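# Summary of the model geometry
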Amino acid sequence: MADTRVLIVEDDADINEIVATHLARCGMSCAQAFSGSEARLLIGADPFPFDVVVSDLMLPGLAGEDLVALIRKRDATVPIIVISARTAAADRIDLLKLGADDYLTKPFDLDELAVRIEVQLRHRARAAATDFGAADTDDARAGADSGEADAPARILRFRDWELDPDARAFWVAGTVVELTRIEFNILEALMTHPKHVFGKAELFEAAWGEPYAADYNTINVHVSNIRAKLKPTGTDGYLKTVWGMGFKLAEA
């Protein structure tokens with residue numbers, strides 16, 4: 001947590017200051033923006049100047065939803081935690097689809113916010129380590145092609161799907177389908193145990209590598225995104241909802 005650079009975007013000066021003070025006590029370095037327009041200026045540096053963004057939705061100048069979309073164009077991996085008085089499940093789902101990583105409703109606990117930041121940073125660090133490992137795997141395969149080694153790849157197969165856990169690649173009938181880290185992890189868990197019904201909490205823990213600590217809608221959103229990517233291939237039906245229980249793969 002030390003030296004973590006956090007951008008706090010909140011137009012309520014009192015809330016902004018309280019959050020900044022608390023996170024500073026936790027060892028983080030905080031920059032404060034009081035409008036969406038001010039935040040847009042602060043994120044303009046290259047490389048992206050913050051490790052985490054904590055943002056309200058109701059902002060003057062540039063709405064929080066637009067700010068989330070702008071940040072995602074600038075950096076695909078920086079954690080974004082939205083804080084808002086909106087409590088409807090539809091709002092949370094829309095923000096997760098747009099690119100936010102977590103959502104806290106006001107009033108919120110400051111210690112919980114600090115913990116959620118820590119969890120998001122662990123997720124990002126684990127993803128970076130996985131990408132580094134995949135690069136090493138690619139190097140190893142290049143070496144194998146040149147005669148240095150010849151280790152067979154472990155490929156998971158289910159009907160028209162193929163998934164390579166080492167290369168972090170997924171194909172449908174030989175065509176690559178691009179997945180996010182979490183989407184890939186969800187399919188890897190399901191394809192590793194194709195007859196198993198995964199509860200939402202169980203699937204969350206398999207995909208995130210963390211104890212379950214989120215809204216069940218988080219899993220629903222990611223599964224919905226996977227189905228949307230698979231629909232053009234005609235295999236979205238492979239991912240079956242077991243009502244009242246969770247998800248599994250559908251046998252032919």
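Residues numbered from 1 in each chain as written. Predicted model: local features only at pLDDT ≥ 70, side-chain atom pairs only at ≥ 80, totals over all residues. Heavy atoms only, no water.

Spatially, S10-S12-S11 is the arrangement adopted by the three strands of the open sheet, whose pairing is antiparallel. Edge positions in the sheet fall to strand S10 (198-199) and strand S11 (239-242), since each has one partner strand and no second. Two strands pair when backbone bridges link them, and S11 and strand S12 (residues 246-249) are joined in this way by four bridges, in the antiparallel orientation. Bridging across to S12, Thr-241 finds its partner in Phe-247. (Pairing = 2+ DSSP bridges. Helix = DSSP H or I, 4+ residues; strand = E, 2+ residues; numbered from the N terminus.)

Moving on: the sheet that holds strand S3 (residues 52-55). Here five strands make up an open sheet; going across it, the order is S2-S1-S3-S4-S5 and the pairing parallel. Both edges of this open sheet fall to strand S2 (29-33) and strand S5 (102-105), since each of them pairs with a single strand only. Averaged over neighbouring strand pairs, the angle between their axes works out to 20° when direction is ignored. In this fold helix H1 (residues 13-25) packs onto strand S1 (5-9) and S2, with an angle of close to 170° to the strand it touches most, S2. Helix H3 (residues 64-74) rests against S1, S3 and strand S4 (80-84) of the sheet, and its axis sits at about 175° to S4. (Axes fitted to C-alpha atoms, helices over the stretch in contact; angles between N-to-C directions. Contact = heavy atoms within 4.5 Å.)

Residues Asp-11, Asp-12, Asp-14 and Glu-17 make up a contiguous surface patch of negative charge. The residue Asp-11 is located in the loop between S1 and H1 in this model. (Patch = residues over 30% accessible without salt bridge, like charges linked within 9 Å, V, L, I, M, F, W, Y side chains within 5 Å. Areas by Shrake-Rupley, 256 points an atom, 1.4 Å probe, with all protein chains shown as cover. Salt bridge = Lys/Arg side-chain N within 4 Å of Asp/Glu carboxyl O. Lys, Arg positive; Asp, Glu negative; His and termini not counted. Charge placed at Lys NZ, Arg CZ, Asp CG, Glu CD.)

A separate point is the confidence of the model for the chain. When pLDDT drops low, the exact placement of atoms in the prediction is not to be read closely. Confidence along the chain averages 83 in pLDDT terms, with 87% of residues attaining 70 or more. Across residues 140-152 the pLDDT falls below 50, and counting only partners more than four positions away or on other chains, this stretch makes eight contacts in the model. (pLDDT = per-residue confidence, 0-100.)

The omega torsion across Asp-46 and Pro-47 is 5°, close enough to zero to call that bond cis. Lys-106 connects to Pro-107 through a cis peptide bond whose omega is -5°. Relative to the helices and strands, Pro-107 resides in the loop between S5 and helix H5 (110-145). A positive phi is found at Arg-159, a non-glycine position, where the angle reads about 50°. Summarising the element assignment, Arg-159 is placed in the loop between strand S6 (156-158) and strand S7 (161-164).

Relative to the helices and strands, Ser-84 resides in strand S4. Look at Ser-84 and you get buried, because its relative accessible area is 1%. Residue contacts for Ser-84: discarding those within four places in its chain leaves Asp-56, Leu-57, Tyr-103, Leu-104, Thr-105 and Lys-106. (Buried < 20%, exposed > 50% of the residue type's maximum accessible area, 1.4 Å probe, protein only.)

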